[in-house]
Amino acid sequence: MVALRLIPCLDVANGRVVKGVNFVNLRDSGDPVELACRYSDEGADELVFLDIRASLENRNTLVDLVSRTAKSVKIPFTVGGGIDSVSSINDLLRAGADKVSLNSSAVRNPDLISESSREFGTQCIVIAIDARRKVNKVGPEWEVYVKGGRENTGIDVLSWAKKVEELGAGEILLTSMDGDGTQNGYDLNLTESVANIVDIPVIASGGAGSLEDIYDVFKEGRASAALLASLLHDKKLTLKEIKTFLLEKKLLIRPYE
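Attention in this report is confined to the structure presented alongside it. (Residues numbered from 1 in each chain as written. Predicted model: local features only at pLDDT ≥ 70, side-chain atom pairs only at ≥ 80, totals over all residues. Heavy atoms only, no water.)

### Some words on the overall build of the chain
The line we're drawing: By the criteria applied, helices consist of DSSP H or I runs no shorter than four residues and strands consist of E runs no shorter than two, each listed in order from the N terminus. Buried, partly exposed and exposed residues are distinguished by accessible area as a fraction of the type maximum, computed with a 1.4 Å probe on protein chains only: under 20%, between the cut-offs, and over 50%, respectively. Should any heavy atoms of two residues lie within 4.5 Å, those residues are counted as being in contact. For accessible areas, the Shrake-Rupley method is used with a probe of radius 1.4 Å. Any residue's cover is judged against the shown protein chains and nothing else.
Scanning the chain for helices and strands turns up ten helices and twelve strands. A burial count over the chain gives 56% of its 257 residues as buried. By sequence separation, contacts in the chain at least 24 residues apart represent 66% of the contacts at least 6 residues apart. Surface summary for the chain: the accessible area is close to 11200 Å², and the carbon and sulfur share equals 46%.

Listed below in structure tokens is the structure:
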């Protein structure tokens, strides 16, 4: 079995780490490279950097940030935001990123998923899905949002998750926009629904607020990894505390070193 992962997420805007609630009301949380080093030293399994304004502002992710991070941390990291070509993926991987995360560009051009997975390997290609529960629906239905959560595509999340797997995605980064930054718990229904229909790892994102939330998303949500942001940035919990708790619960977690 593959160990479950804890992945701090660093949302970057204007060169700083920011965090908001439901993708709005952003507040400053620190320097991205400094935070990356801290989380790496504290026992994170991986890191994710998301340039959250890149797609909205029609620009590429900052390669310099990737390069500086690669020189400073010892764990794998994924970078996303404004990546829209095989060439830009190549630039980021050459700068030191281990994986890239595609969202808006993948929806706009699904062939980019298959082209990039053939070129660099499926293990390098993560598809980010920003999901929001469909309005006025009693049953659990979610739609895909792009451009930093500002545009509703009307695409069904479950159908899209299955399609990106078929196109060659190696992993899905699944964010509940309804839960983002609230610290009220992950959307277990959403996470489990996606995990049940794909055979690739699902990273759960949006809503972590307690040790129990993280345990639940692994046990009930069937996530392969849990993304953590404000919970860590605000120092409500440490990675050591989380890992100790999950190990006591007998989950397969890499121990804190």
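### Observations concerning the packing of helix 6 (residues 157-167) against helix 7 (residues 188-197)
To keep things clear, this is the line we draw: Lines fitted to the C-alpha atoms define the axes, with helices restricted to the stretch that makes contact. Angles between their N-to-C directions range from 0 to 180 degrees. Crossing handedness: left-handed means the near helix sits turned counterclockwise from the far one by under a right angle, and right-handed means the same turn made clockwise.
Where helix 6 contacts helix 7, the two axes come as close as 9 Å, and the packing angle between them is 35°. In this structure, helix 6 meets helix 7 at a crossing whose hand is right-handed. Contact residues: Val157, Leu158, Ala161, Lys162 and Glu165 in helix 6; Leu190, Ser193, Val194 and Ile197 in helix 7.

### Quick word on the nonpolar core
As a reminder, the rule being used: Here, nonpolar core means buried Ala, Val, Leu, Ile, Met, Phe, Trp, Tyr and Cys residues that are tied together by side-chain atoms lying within 4.5 Å of each other.
One finds Ile127, Ile214, Phe218, Leu228 and Ile242 to be the most contacted residues of the largest nonpolar core, which totals 72 residues. The biggest single contributor to this core is helix 1 (residues 32-42), with five residues. Excluding residues within four positions of it along the chain, Phe218 makes contact with Leu4, Arg5, Leu6, Ala223, Ser224, Ala225, Ala226, Leu246, Leu251 and Ile253.

### A word on the packing of aromatic side chains
What counts is decided by this rule: In this scheme Phe, Tyr and Trp rings, the latter by its six-membered ring, pair at centre separations within 6.5 Å, and the angle between planes marks the pair as stacked below 30 degrees, edge-to-face above 60, and tilted otherwise. Ring-over charges, as used throughout, are those where CZ of Arg or NZ of Lys falls within 6 Å of the ring centre and within 35 degrees of the ring normal.
Tallied over the full model, the rule gives one aromatic pair. A ring pair is formed by Phe49 and Phe77, whose centres lie 5.8 Å apart and whose planes are at 75°; its orientation type is edge-to-face. Within this pair, whereas Phe49 is found in strand 4 (residues 47-51), its partner Phe77 is found in strand 5 (residues 77-80), the two being separated by 28 residues in sequence. As far as the burial class goes, Phe49 and Phe77 line up, both buried. One residue, Arg132, lies across the ring of Tyr145, its end atom 5.5 Å from the ring centre. Its end group placed over the ring of Tyr215, Lys249 keeps NZ or CZ at 5.2 Å from the ring centre.

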